[in-house]
Amino acid sequence: MRHVASLALVVAELTALAGLAAGATGCRRGGRGVARQHKPKVEAPECLTVLSWNDLHGQIGPDEPQLDLNHVAAGGVIALADEVADARAAGEPVFVLDAGDLLGGSIESAMNEGAPVIDAYRVLGVDAAALGNADFDFGPVGNERPIALPGKTDLDRDDGPRGALLQRLRAASFPFLSANLVRDGGQPTGWPDHKASVVLARGGFKLGVVGYTTKETPRTTLKPNVVGLDFETGASAAVAREIVALRAQGAAPIVLLAHASLDGELPRSLDDAADHGAGHVGEIATLLAQLDANALPDLVIAGHRHAWMVGRVRGVPIVSTDQHGVGFAKTRFCRADAKSKPVFATLERRTAISNGPPRTALGREVAKVVAPWQVQVKLEGDKSIATLARACVAQGPLGTAMLEQLARATRAHAGDAAKLPERVPVVAIVNAGGVRASFHAGVLSNADLFASMPFENAVSVCVTTRTGLARAVGNFVQRATRDRFPFGIAGAKVRLVRSPTGALVVSQIAIDGDEKRPPDPAKDEPVWIAMPDFLLWGGDHFLDGITCTSTASSTTRLRDAWRELIAQEQACAGPAANVVVEIPLDRPPNPVEE
Ligand SMILES: [Zn+2]
């Protein structure tokens, strides 16, 4: 397995130089000194560059990712602009592609429903973006409305279930691509600038780009926001049709720009096939397996997993970057002359380091266009919520106090969704995946809270029974991993047993108050589960096999409910109090790792 180069300033991994006959091209790679003496000729450049990233999630200024042992300022649209400018300065035609989930996530972008990203990309000259699941997160126009009123459609424009996204599409200088997104029944969406594919002509090249949106979208955004849309029926046929049509138009190379990924361990290099003898699995693998050889793309730019991958599927190079514009990929295709087909040449893994003000004119222009958005939200983002004596860890193998606090906040606001009945217990459960970052000790700002919970989910309830609760908890426990317990719970205590295989099994769920008023074992008594609406709409398969006899959603965002409780408690550190895991004594205390 390749070890990722440990270099703090620029992590540039040249992963391959493949498929190009030696000497068959006049590529100017490495010819810098020559290029300075003679002005580069522009009439027939032999190589093109594709710069790509995915899962920007509204990142404007730099993020602070951990690279090696340090946290380094990197990513965001301003840092990316510097990198785009550098690539263009090299003289080859440069195509800039985004594989989706660009709009939501940062406080700047979420408060303005993605508008700052559209502004930045116009200046940056992004050529096309795939539609990602999270790009549907905003619902109708207006930050105070996460979902549309029932019965509203796209004809209701700003009030419709995609009002905010359609505004962004109308304002964008680039097309949003998705070949597999249609209306129920197969009709095109008819949205402004939603296309299945596009041909980008530049410097004598015709790059074909086909978009794809994950079939998981209805389960990974708010379900009401994708009402009436179909991401699944005929998806691979639609992709194949576009690729064949683009090829017939003479487009080459053809890129599949997909907001979807492989599953399991991701490939790390183009020759990684040996490490994955069983072949790749996951949505992109399935999709490519369904395409005829003549309908395979020349490159897949993937996303959605927020993780680097570099590899091949059915021989087609595939790449995805981490997130927030921290990483970006630079892929080059070269040809011997203007008549021959460009062939995959190199793929570089890069990091957009941000060591201060923008280095290039383009970086400064992007910084200028996003500045008003940043000023607008800075006041809001800098507001202090609490001063924490200790750091709060978001995820842990047995749950965390931080997740439980979010569950308590959700429980406290269950009554915002529906009038709570007397004498019926309310148990709140929140998904660990909804909490994205830990809190440092010290002042906790609104922006910190936002970074931890960038989602627009609201408090909802499902009316079920004790059996329903047990099944829902069981659904979640199956998702436990070694590092992450999958939920936080309030209003009940869950006792689990670690089985000999290492898996967790629920042994008891004790609802608060049971000790005073034990449940009648002959009756399946009612229970209300309070939860993020994400779970109510089918997220994480939490409610699989459970019937909610009634459901209700509030407009109270989980983030706001949580803010209130953190401000009250001024703390969120420690282990979970409501989750206990037993390791039975008749088994070795440290089960053998599988
Ligand atoms: Zn995604």
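Residues numbered from 1 in each chain as written. Predicted model: local features only at pLDDT ≥ 70, side-chain atom pairs only at ≥ 80, totals over all residues.

Student: Summarise the overall build of the chain; cite the residues concerned and give the values.
Tutor: The number of helices and strands found in the chain is 15 helices and 28 strands. When the 594 residues of the chain are sorted by exposure, 50% land in the buried category. In the chain, 76% of the contacts between residues at least 6 apart in sequence involve partners at least 24 apart. (Helix = DSSP H or I, 4+ residues; strand = E, 2+ residues; numbered from the N terminus. Buried ≥ 20, exposed ≤ 12 C-beta atoms within 10 Å, placed from the backbone. Contact = placed C-beta atoms within 7 Å.)

Student: Describe the sheet that holds strand 20 (residues 426–431), listing the residues and the values that go with them.
Tutor: In spatial order, the strands read 23-20-26-22-27; together these 5 strands make up an open sheet with mixed pairing. The open sheet has two free edges, formed respectively by strand 23 (487–490) and strand 27 (550–557), since each of these has just one partner strand. Averaged over all pairs of adjacent strands, the angle between their axes in this sheet comes to 25°, without regard to strand direction. As judged from the 3 bridges shared by strand 20 and strand 26 (residues 526–532), these two strands associate in the parallel manner. Residue pairing for strand 26: V427 is matched across the bridge by I529. (Pairing = 2+ DSSP bridges. Axes fitted to C-alpha atoms, helices over the stretch in contact; angles between N-to-C directions.)

Student: So, helix 7 (residues 235–248): which residues are in play, and what are the values?
Tutor: The end-to-end C-alpha separation of helix 7 is 20 Å, in line with the 20 Å expected for 14 residues at 1.5 Å each. Along helix 7, the residues classified as buried are A235, A238, V239, A240, E242, I243 and L246. Contacts made by the buried residues of helix 7 are with strand 10 (197–202), strand 11 (205–213), strand 13 (254–259) and helix 8 (283–289). Just downstream of helix 7 lies G250, where phi reads positive at about 90°. (Expected span 1.5 Å × (residues − 1).)

Student: Tell me what's going on with the packing of helix 4 (residues 115–124) against helix 9 (residues 361–382), and back it up with residues and numbers.
Tutor: A pair of packed helices is captured by two measures, namely the crossing angle of their axes and the spacing between those axes. It is at 9 Å that the axes of helix 4 and helix 9 come closest, and there the two elements cross at 165°. By the criterion of interaxial angle, the relationship of helix 4 to helix 9 is roughly antiparallel. Helix-helix and strand crossings are classified by hand; for helix 4 and helix 9 the assignment is right-handed. In contact with P116, D119, A120, V123 and L124 of helix 4, helix 9 contributes E365, V366, V369, V370 and W373. Residue classes in the contact of helix 4 with helix 9 are distributed as 8 nonpolar, no polar and 2 charged. (Parallel < 35°, antiparallel > 145°, perpendicular 65-115°, else oblique. Left-handed = near helix turned anticlockwise from the far one by under 90°. Nonpolar A, V, L, I, M, F, W, Y, C, P; charged D, E, K, R; others polar.)

Student: Hey, could you go over the environment of P526 for me, with residue numbers and the actual values?
Tutor: Among the structural elements, P526 can be located in strand 26. Considering only alpha carbons, one finds P526 and P425, 101 residues apart in sequence, at a separation of 7.7 Å. Once you skip the residues sitting within four places of it in the chain, P526 turns out to touch V424, V463 and T465.

Student: Could you give an account of the sheet that holds strand 28 (residues 579–582), naming the residues involved and the relevant values?
Tutor: Ordered by their spatial adjacency, 3 strands build an open sheet running 25-24-28, and the pairing between neighbours is mixed. Bordering the open sheet on either side are strand 25 (504–511) and strand 28, each of which pairs with just one other strand. Across the sheet, the mean angle from the axis of one strand to that of its neighbour is 20°, orientation sign disregarded. As defined by bridge partners, strand 24 (residues 492–498) adjoins strand 28 across 4 bridges and the pair is classed as parallel. Pairing of V494 across the sheet is with V579, part of strand 28. The strands that helix 13 (residues 466–477) touches are strand 24 and strand 25; relative to strand 25, the one it contacts most, it runs at about 145°.

Student: So what about the pairing of strand 24? Which residues, and what values?
Tutor: Pairing between strand 24 and strand 25: 7 bridges, direction antiparallel. Note on strand 25: the bridge partner recorded for R498 is L504. Where strand 24 folds back onto strand 25 in an antiparallel hairpin, the turn is made up of 5 residues, including G502, whose phi is positive at roughly 100°.

Student: Lay out the confidence of the model for the chain in plain terms, naming residues and giving numbers.
Tutor: Per-residue pLDDT for the chain averages 88, and the proportion of residues at 70 or more is 89%. Taken together, the stretch residues 1–36 has pLDDT below 50 and engages in 58 contacts with residues farther than four places along the chain or on a different chain. (pLDDT = per-residue confidence, 0-100.)

Student: Describe the packing of helix 2 (residues 77–89) against helix 9, with residues and values.
Tutor: Two numbers describe how helix 2 lies on helix 9: the axes approach to 7 Å, and their chain directions differ by 155°. Classified by the angle between their axes, helix 2 and helix 9 sit roughly antiparallel to one another. Crossing hand, helix 2 versus helix 9: right-handed. Of helix 9, the residues touching helix 2 (which contributes V77, I78, A81, D82, V84 and A85) are A361, L362, G363, V366, A367 and V370. When the residues that make up the contact of helix 2 with helix 9 are grouped by side-chain class, the tally is 10 nonpolar, 1 polar and 1 charged.

Student: Explain unusual backbone geometry residue by residue, including any values.
Tutor: One can expect most non-glycine residues to show negative phi and most peptide bonds to be in trans. Cis geometry is found at the peptide bond from A252 to P253, where omega equals -5°. Checked against the element boundaries, P253 lands in the loop between helix 7 and strand 13. Here R314, not a glycine, exhibits a phi torsion of approximately 50°, which is positive. Note on placement: R314 falls in the loop between strand 15 (309–313) and strand 16 (316–320). With phi around 55°, D540 is a residue other than glycine that occupies positive phi space. For D540, the position within the fold is in the loop between helix 14 (533–536) and strand 27. Residue classification places D540 among the buried residues on the basis of 20 C-beta atoms within 10 Å.

Student: Hey, could you go over the environment of P65 for me, with residue numbers and the actual values?
Tutor: For P65, the position within the fold is in the loop between strand 2 (47–53) and strand 3 (66–67). Note: C-alpha distance between P65 and H324 (259 residues apart in sequence) is 9.4 Å. If sequence neighbours within four positions are ignored, P65 has contacts with V72, A74, G75 and V326.

Student: An account of the nonpolar core is needed here, citing residue identities and associated values.
Tutor: L177, V210, L257, A258, A428 and I529 are the most contacted members of the largest nonpolar core, which has 171 residues in total. Ranked by residues supplied to this core, first place goes to helix 2 with 8 residues. When residues of this core are assigned to domains, at least three map to each of domain 1 (45–376) and domain 2 (383–582). With residues up to four places along the chain from it excluded, the contact list for A428 reads A407, R408, T410, R411, A414, I489, A490, G491, A530 and M531. (Core = buried A, V, L, I, M, F, W, Y, C linked by C-beta atoms within 7 Å. Domains from an automatic or database assignment.)

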